Structure formats: C-alpha cells, structure tokens
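Read off the chains here:
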Amino acid sequence: MFRAPPSGTVDRLFAAARHIRELEHKVISALEQAGYSEVMVPLIERDEVFSSDSTVRFVDRHGELLGLRADFTGPVARVVSTRLGNEPVVRLSYRGEVFRDVDARSARRRQLQQAGYELVDSGDVASDAEAIGLAFKISDAIGLQNVRLSLGSAELIHALCPNADASIRRALDRRDRSRLPVELLPVLELTGGVEMLARAKRDLPATARPALDRLSRVVDTLDENAKRTVIDLAEVRPWAYYTGIVFDLFADGSSGPVAGGGRYDSLAGRYGKSRPAVGASFQLDAVAEIQRDITGTRAEKGLVVALPKGRILKGVLERLGALGPTASELESRKLIVSGGAPLLGTPISFLRVKDADVPAYVEHGVADLGIVGLDVLEEKPASVLEPLDTGLGRCRLCLCGRPGTSAAELSAKGVLRVATKYPKVTRLELELRGLAAEIVPLEGSVELAVLANLADLIVDMVETGATLRANGLVELEELMSSSARVIVGRGAWRLKQDAVRALLSALKEKT
Ligand code: PRP
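Keep in mind that this is a model prediction, so the values were computed, not measured.

We now examine the overall build of the chain. For the chain, the count of helices and strands is 18 helices and 23 strands. Its C-alpha atoms give the chain a radius of gyration of 25 Å, near enough to 24 Å, the size a compact globule of 511 residues would have. Over its C-alpha atoms, taken along the principal directions, the chain stretches across nearly 75 × 65 × 60 Å. Taking all 511 residues of the chain together, 52% fall into the buried category. Restricting to contacts in the chain with at least 6 residues of sequence separation, those with at least 24 account for 69%. Of the roughly 23,600 Å² of accessible surface on the chain, 52% is carried by carbon and sulfur atoms. Between the mean site of the 68 positive side-chain charges and the mean site of the 69 negative ones, the chain shows a separation of 2 Å.

Here it is in structure tokens:
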C-alpha cells in the first residue's frame, strides 16, 4: 500500500538530501569562520519556550504541555540564559528542523530546514552591523544572486504605536492600510534606498527619533552592502519579541524571504536575566527551491499578474487599460496571455485563474501580484502583502434565509444548518455571534440549499440582491463587507518593487 509522508512534509532522496546538507554545511562553516560555534538544542521543549502560535503541541505522559521545535530563538534564549549567563559575549550557530502547525491543505510546509546564528553581547550598534554583515556573507557563500536585505525597526513601531498588538503587527506585515491605526500609516510610504532615513526623520514625529538615529548608525556601517539594502520602515516580523532592527533577505527567484532576523533584547529575560541579542535564520528549503529552479522561470524579469476570471474581471480590465491583455487574447482559451503595453519597460503577462485560486498563485511566487475579493482572502488566507483596496466588486457577506426566519431561534431549538461557499469565515462569524451551527460547504448556487431544504440558512455574498429577490429569500444580517484587493508576493514586493508600485497606481480607484 502506498503511504506518502503526512502533508506538509517531504522525503528528500539522495541529491535533494545532499543539497540541504551542503547548504547547512556552507552556512555553519561561514559562521565558524566568523567565530560562531554550533549548539544543538532539543527537538521538544516546554510549550512556553516557543513564541509561535503555530507550535505543534502535545501532552506527555506526565501531563506536561510540550511543543515540537517551532523556532530556534526560544531554545537558544533558554540555553544562553540558563547555561551561559556568565559569558559576556556568546556567538553561536545552529541547524535543523522546525515544525509548524499550519493548514497542510494549503501546500505550506509543516517541516522546515533552518540554519542560523545568534550574537549575545552588549547590544551595541556594532552587533546589529555584525548580524547584518553575516546575513550578506552567508548569502554569498551559498550562492544566492541579486540579494536584497529589507531593513526596518521594531523599536520604531513600538515608539509610534506603543500598543501595537498582534493584529496591528499583522496588518503592517501585510501593508494593509485598512486595518492600521493612523499613526502607523506614514511608515507605509517610507521605503527606498538608505537615503530614505533622512526623509523619515523629517516626516515622523519626534518619538521616532531615537529608533531612527539608531537605524542610521547601523546603516552607516553597511559599506558596500548599503547598495543591497532597502530601508522599509513597514518591515516587521510577526513575532512580538523583536525590540530593535528587523530584517528579511530576498534573492532572485525567491517567492518569500530566504532569511530573516532581528534584535530581541528581552527574550532571555523569561528565564532569568535579560540579555541583548540579535540573530537570524536561513530558510534552507526556500534556498533549495530557488536553486532547483533550473529553468529560471521564477527569476524572469517581467511582471506576472494573476487575473481573476469572475465578476471583478471587467472592472480590473478597465483600470488596466492598455496594460491589460487585448480583447482577442481574452476571447481565446489561452490561460497565459500577454499584456498590451509594457510598464516602465517591463513586459506584463497574465495568468487567467479562478478567483479562489489567486492567493495560491501569488503566495507561491508564480504570479507577482493578483486581484482578489477580500471574501476569498479571508477564506483562503495566504502569506502575501495586501497593499491596495481597489474598491471594485463591493459586496457584503450576509446571513440569508426565508423571510421571518431567526437564526437565534433556530439555533436555540436544535441544530442550525447553514450552507455556504465560505465555511471558514462562516464558522468564525457564527461563533462570534454565539450561534451553534452545522456548516454545509457548497461550491455555488448556494440559495438553492434553502429552497430545497438542504439547509435552514445560507451565508453568501450579496452584491445587487437580485439573486435573493428572484428566489424569495432575504438578508438577515451582514457579516462582513468585501471589495477586491491587490495582493503582492513578498519576493516581488522586494525584487520588482518599481514595476509593482507602478501597477498598483494604475489599479488604484480614481477619485
Ligand atoms: C454570487 C453569490 C450570489 C450572487 C449574489 O454567485 O454567491 O449567488 O452572486 O449576487 P447579486 O446580489 O448581485 O444577485 P455567483 O454569481 O458568483 O455564482 P455561484 O452562485 O455559482 O457561485
């Protein structure tokens, strides 16, 4: 009987295994030369060691809640604080697997190969510079091309918005202005070469000054690497523990960061004395993926757009104008079509995909950007940026049913059955309203489920209301509103920045 490994994990045979081991070896050797010694930490730890909310957790026979290693930073902070407390300077490296409890149906990996380093010392600017310099050095040692380091500051974000919680950090990470507090909006515009810091000092309030001064001092140490550095003050890493610089590293062909890190001065404090520390880790799967791409398609210079086939297509084409595919291309059954005119000299091609598939094409870096309704994005979350609400395809996700129906009464009486194309969002929204329900996932024509008594109610998009009216149904409650967003892949945002920004302004709602 054929048994594949669990989804989200892979077997690596021979050359593939050798490739990962060689990459590990190159990273660890480069670090050794720089005075970093390797440590090995357990694959399981007490759950509180990990900061990730996607830790794979389990209870051991003694009732202790444990987690599979979700990152190296937590275990290393524990080791430094409990074993190396008297060492004034610690330079260490590590390599191995980390595990994440992600939705394995999303083609995301649950097991990742990492190698990285941590520097624990006085926490000066020189240590930040050393950590960044090492990231470049390792990138060169493993043969990455056209490396770009995106540099921001968690200290700056704390200064501008002391109460920034996980949801705000997430919105910033996605460049989603619709969910950001007003004090953080200016940082979305503060991205560019290292000269951007001068503008930031002029534009941001005085509270930002200490963080910006520190960042300037770090940037002054970059020398030749300054050319490979992009200041992006909206750069945050999703974890709350960062307290100073944060950076992500991209290279030709990467759909997302191949490495990332930053300063976290209080993490070790969980186990005793706080110690300033800065570090980074390389995603060796991502590096291997780039180097496996022998056709070089991912590094292709043009811009690739995932074009949704559904209702919003018409509006999107109007906005694209001459940049969009010609009418005859669209009438053909071709799934990859070229754009009419280049943008800033960059040719554009379009992948014609079903709306619900747009996030997958963009997240995996096959398309640089795509246009998709917020409803789809909420149902199929993807690790992408969400920098523009086009205002197209405005509609509302509503709980609907026959006139006079009450969801609360039905739910109180027995099992409420709700049919929908949006099972994930529906479950969440009904739970928020205290409604227990059985969800019936459907692919389309959802109204029929009530008419044919498959379900008591539906949760569906209402645009004009015509479908509801034609079928004698009514809207009972609005759950969320939606419109089409432009989503951008993390690699494209960094590596094709100018063309991406130019296309965003073409797609913007003209007011
Ligand atoms: C959507 C939605 C509703 C209808 C609402 O379906 O699921 O059925 O549009 O639009 P209205 O308020 O303007 O009538 P869609 O047409 O995408 O087809 P589907 O039902 O087959 O998914």
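Right, let's talk about the domain arrangement of the chain for a bit. Accessible area lost upon the coming together of the parts is a frequently used measure of interface size. When its domains are assigned, the chain resolves into domain 1 (12-143), domain 2 (301-389 + 487-507) and domain 3 (395-482). If you average the C-alpha positions of domain 1 and of domain 3, the two centres end up 46 Å apart.

Read across the open sheet, the three strands follow the order E2-E4-E3; overall the sheet is antiparallel. At either margin of the open sheet sits one strand with a lone partner, and together these are strand E2 (44-46) and strand E3 (57-59). For this sheet, the mean inter-axis angle between neighbouring strands, taken without regard to orientation, is 40°. Direction of pairing for E3 relative to strand E4 (residues 65-68): antiparallel, over a ladder of three bridges. Looking across to E4, one finds that Phe58 is bridged to Leu66.

The next subject is the environment of Ala412. Take Ala412: it is sitting in helix H13 (residues 407-413). A C-alpha to C-alpha distance of 8.3 Å links Ala412 and Leu435, two positions 23 residues apart in sequence.

To continue, consider the sheet that holds strand E1 (residues 37-38). Spatially, nine strands are ordered E1-E5-E6-E12-E11-E10-E7-E9-E8 in an open sheet, and the strand pairing comes out mixed. In this open sheet, the two strands that pair with only one neighbour each are E1 and strand E8 (191-192). In terms of strand pairing, E8 meets strand E9 (residues 229-232) through two bridges, oriented antiparallel. Across the sheet, residue Gly192 finds its bridge partner in E9, namely Ile231.

Analysis parameters
Residues numbered from 1 in each chain as written. Predicted model: local features only at pLDDT ≥ 70, side-chain atom pairs only at ≥ 80, totals over all residues. Heavy atoms only, no water. Helix = DSSP H or I, 4+ residues; strand = E, 2+ residues; numbered from the N terminus. Rg over C-alpha atoms; globule rule 2.2 N^0.38 Å. Buried < 20%, exposed > 50% of the residue type's maximum accessible area, 1.4 Å probe, protein only. Contact = heavy atoms within 4.5 Å. Areas by Shrake-Rupley, 256 points an atom, 1.4 Å probe, with all protein chains shown as cover. Lys, Arg positive; Asp, Glu negative; His and termini not counted. Charge placed at Lys NZ, Arg CZ, Asp CG, Glu CD. Domains from an automatic or database assignment. Pairing = 2+ DSSP bridges. Axes fitted to C-alpha atoms, helices over the stretch in contact; angles between N-to-C directions.

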